[in-house]
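Chain by chain, the residues:
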Amino acid sequence: MTYCVAMRLNEGLVFLSDSRTNAGVDHIGTFRKMNVYENPGERVMVMMTAGNLSISQSIRQIVSEKTNAEGRTIWTAHSMYEAAQILGDAIRTVHDRDAEELSKFGIDFNVSIIFGGQIKGERCRLFQMYSAGNFIESHDENTYFQIGEAKYGKPIIDRVVTPHTSLDEAAKCALISMDSTLKSNISVGLPLDLLVYNTNDLAVTRFVTIDEQNQYFQMIRRSWGSQLKRVFEAIDDPVWDAAPEATLNVLSSSIDHSQPVRVQPPEALVREAQPVARQTLAGDGEADVAQQPT
């Protein structure tokens with residue numbers, strides 16, 4: 001499996017991908033998921049892939065040579081939208097060639113792609129491509145895309161990233177998102193590829209491959225876990241069976257009559273219900289002492 005995330009911001013673009021592929025716990029490989037198509041001063045495009053590795057590698061090979069009806073390739077497309085259309089055509093070419101044969105072996109045609117960048121004369125743009133070759137584009141209301149094991153890293157991005165987020169803050173958020181995914185899913189693994197692109201640079205100026213020894217990512221892993229624990233411990237515990245007038249941290253009230261959906265046991269096993277004494281936090285007198293657990 002894999003995890004890739006890309007963000008389109010006012011200042012530019014952030015791309016982050018892992019490099020793990022596997023066909024079971026005893027067959028793990030490393031293949032880089034990020035490919036850069038760069039003609040400095042004229043265009044920079046980035047493609048990240050998830051899904052069947054053989055399909056994504058075929059698409060990567062074909063897309064750089066694929067020609068549309070007007071005779072243009074991704075290297076000569078007039079816009080990122082046209083380049084995305086050419087990529088979609090490449091996906092369909094591989095589907096037409098391989099999908100039927102793959103299905104004979106019970107293998108689905110499965111690929112997801114994030115494609116983004118900038119062509120001189122237009123703004124940065126970001127697209128998510130699907131197995132059918134269709135795609136959607138990122139806008140301010142949805143400023144990032146994820147593919148692969150997206151669920152573990154999504155909450156932090158939803159809470160932090162907006163179009164106004166700086167590139168460094170977005171890169172930090174992407175790395176935290178990746179760390180959360182690495183923590184929860186063994187099908188995602190190091191090394192990582194991180195590319196940060198400034199609008200109108202029209203060249204790759206900030207790129208790094210991150211392994212276990214990377215100092216910044218080690219700091220992220222240590223500090224994010226410890227800070228999360230600190231924040232968690234600072235949140236008050238819930239108050240159960242609170243008095244009706246209580247207004248602080250009330251989870252349930254003494255006048256709350258919520259009940260679970262109960263499944264009745266067989267009649268022969270039914271026993272007479274015994275009252276459960278409530279534990280008190282403090283008491284005076286023998287009656288209160290008698291209710292304390294021993």
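Summarised in this report is the structure supplied together with it. Throughout, a residue's number is its position along its own chain's written sequence, starting from 1. Per-residue local features are limited, in this predicted model, to residues with pLDDT of at least 70; the limit for side-chain atom pairs, both in listing and counting, is 80 or more; totals at the level of whole chains, interfaces and linings are taken over all residues. The side-chain quantities take in all heavy atoms of the structure and omit both hydrogens and water.

### Quick look at the side chain of Ser 19
Note the cut-off: Only runs of H or I of at least four residues qualify as helices and only runs of E of at least two qualify as strands under DSSP, and these elements are numbered from the N terminus. By definition in these notes, contact holds between two residues if any of their heavy atoms fall within 4.5 Å.
Along the polypeptide, Ser 19 turns up in the loop between strand E2 (12-17) and strand E3 (20-22). With residues near it in sequence (within four places) discarded, Ser 19 still touches Gly 29, Thr 30, Phe 31, Arg 32, Lys 33, Gly 189, Leu 190 and Pro 191.

### As for the sheet that holds E2
The criterion, for reference: Paired strands are those between which DSSP finds at least two bridges. Axes, fitted as lines to C-alpha atoms, cover a helix only where it is in contact. Angles between the N-to-C directions of the axes lie from 0 to 180 degrees.
Strands sit in the order E10-E1-E2-E11-E12 across an open sheet of 5 strands; the sheet is antiparallel. A strand with exactly one partner marks an edge of an open sheet, and here the two such strands are strand E10 (144-148) and strand E12 (206-210). Strand-to-strand twist across the sheet, computed as the mean angle between neighbouring axes with direction ignored, equals 5°. In this fold helix H4 (residues 167-184) packs onto strand E1 (3-8), E2, E10, strand E11 (192-198) and E12, with an angle of close to 20° to the strand it touches most, E2.

### Side note on helix H1 (residues 53-63)
For clarity, the threshold we go by: Exposed residues in this analysis have more than 50% of their type's maximum accessible area, buried residues have under 20%, and partly exposed residues fall in between, with area computed by a 1.4 Å probe over protein chains only. To obtain the arc, one takes the directions from the helix axis to the C-beta atoms.
Every buried residue of H1 is accounted for by Ile 55, Ser 56, Ser 58, Ile 59, Ile 62 and Val 63. When H1 is viewed along its axis, its buried side chains cluster within an angular range of 160° and face the same direction. Here the buried face of H1 lies against strand E5 (34-39), strand E6 (43-51), helix H2 (80-104) and strand E7 (111-119).

### With respect to unusual backbone geometry
In this chain, Leu 190 is followed by Pro 191 through a cis amide linkage whose omega measures 0°. Despite not being glycine, Asn 200 shows a phi value in the positive range, around 75°. Considering the arrangement of structural elements, one finds Asn 200 in the loop between E11 and E12.

### Digging into the pattern of salt bridges
Close approach of charged atoms lets side chains of opposite charge pair. Using the following cut-off: A side-chain nitrogen of Lys or Arg and a carboxyl oxygen of Asp or Glu constitute a salt bridge if their distance falls within 4 Å.
In total, this model carries 16 salt bridges according to the counting rule given. Between Lys 33 and Asp 18 there is a salt bridge whose closest N-O contact spans 3.2 Å. Of the two residues, Lys 33 sits in the loop between strand E4 (28-30) and E5 while Asp 18 sits in the loop between E2 and E3, which places them 15 residues apart along the sequence. We classify Lys 33 as buried; its relative accessible area is 5%. Of the charged contacts, one joins Asp 158 and Lys 154 as a salt bridge, the two residues approaching to 2.8 Å between their closest N and O atoms. In this pair, Asp 158 and Lys 154 both sit in helix H3 (residues 154-160), 4 residues apart, roughly one turn of the helix. Its relative accessible area of 36% is what places Lys 154 among the partly exposed residues. Within this structure, Glu 122, Arg 123, Arg 125 and Glu 137 form a network of salt bridges that share partners.

### Here's the deal with the nonpolar core
So the rule is basically this: Here, nonpolar core means buried Ala, Val, Leu, Ile, Met, Phe, Trp, Tyr and Cys residues that are tied together by side-chain atoms lying within 4.5 Å of each other.
Formed by 28 residues in total, the largest nonpolar core has its most connected members in Met 7, Val 14, Leu 16, Ile 157, Leu 192 and Phe 217. Residue assignment for this core shows that the elements contributing at least two residues are E1, E2, H3, H4, E11 and helix H5 (215-234). For this core, the element with the most residues is H4, which contributes 9 residues. Met 7 has contacts with Gly 12, Leu 13, Val 14, Leu 126, Thr 143, Tyr 144, Ile 157, Val 161, Ala 170 and Ala 174, leaving out every residue within four places of it along the chain. Met 47, Val 63, Ala 90 and Met 129 belong to the second largest nonpolar core, which has 26 residues in total.

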